[in-house]
Amino acid sequence: TKAGSDHVYMLIKGEDKNHHLLRVSKKNGAAESYVNLGDDKEPVYDVDPIENRIFYRPTSTRIVGYSFN
């Protein structure tokens, strides 16, 4: 898990058997959104708590950014 100022990001295994990076509110514990990471069990990612973004490295030569509103 990693944490931002208002959220915690947790790696979970979904019902679809894929791994998801779940964004959970620190205020009420509600799951707000997620990113499907497929079969990546040990993702390399970092959190930008100010801009509510996640930077995920699916391969050694690629970085993908996700924004949450």
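Our structure is the block above this text.
On a predicted model such as this, the values are computed, not experimentally measured, just so you know.

A closer look at unusual backbone geometry
With a phi close to 75°, K17 is a non-glycine residue in the positive phi region. Examined against the element boundaries, K17 turns out to sit in the loop between β2 (7–13) and β3 (19–25). With a phi close to 55°, N52 is a non-glycine residue in the positive phi region. Within the secondary structure, N52 is located in the loop between β5 (44–48) and β6 (53–59). Owing to a relative accessible area of 23%, N52 belongs among the partly exposed residues under this scheme.

So, the pattern of salt bridges
Per the counting criterion, the structure on display carries two salt bridges. For E32, the salt bridge goes to R23, with nearest N and O atoms at 3.8 Å. A relative accessible area of 43% means that E32 is categorised as partly exposed. Residue R53 is joined to E51 by a salt bridge in which the shortest nitrogen-to-oxygen separation is 3.6 Å.

Some remarks on the side chain of R23
Within the secondary structure, R23 sits in strand β3. We classify R23 as buried; its relative accessible area is 3%.

Brief notes about the side chain of H19
Along the chain, H19 falls in strand β3. Setting aside anything within four residues of it in sequence, one finds H19 in contact with L11, I12, K13, V35, N36, L37, G38, D39, D40 and K41.

Some words on the sheet that holds strand β7 (residues 62–67)
Read across the sheet, three strands follow the order β5-β6-β7 without closing on themselves; strand pairing throughout is antiparallel. Each edge of the open sheet is held by one strand with a lone partner, namely β5 and β7. Each neighbouring strand pair of the sheet contributes to a mean axis angle of 20°, computed without reference to strand direction. For β5 and β6, the ladder comprises five bridges, and the chain directions are antiparallel. Bridge pairing in β6 places D48 opposite R53.

Basis of the calculations
- Residues numbered from 1 in each chain as written.
- Predicted model: local features only at pLDDT ≥ 70, side-chain atom pairs only at ≥ 80, totals over all residues.
- Heavy atoms only, no water.
- Helix = DSSP H or I, 4+ residues; strand = E, 2+ residues; numbered from the N terminus.
- Buried < 20%, exposed > 50% of the residue type's maximum accessible area, 1.4 Å probe, protein only.
- Salt bridge = Lys/Arg side-chain N within 4 Å of Asp/Glu carboxyl O.
- Contact = heavy atoms within 4.5 Å.
- Pairing = 2+ DSSP bridges.
- Axes fitted to C-alpha atoms, helices over the stretch in contact; angles between N-to-C directions.

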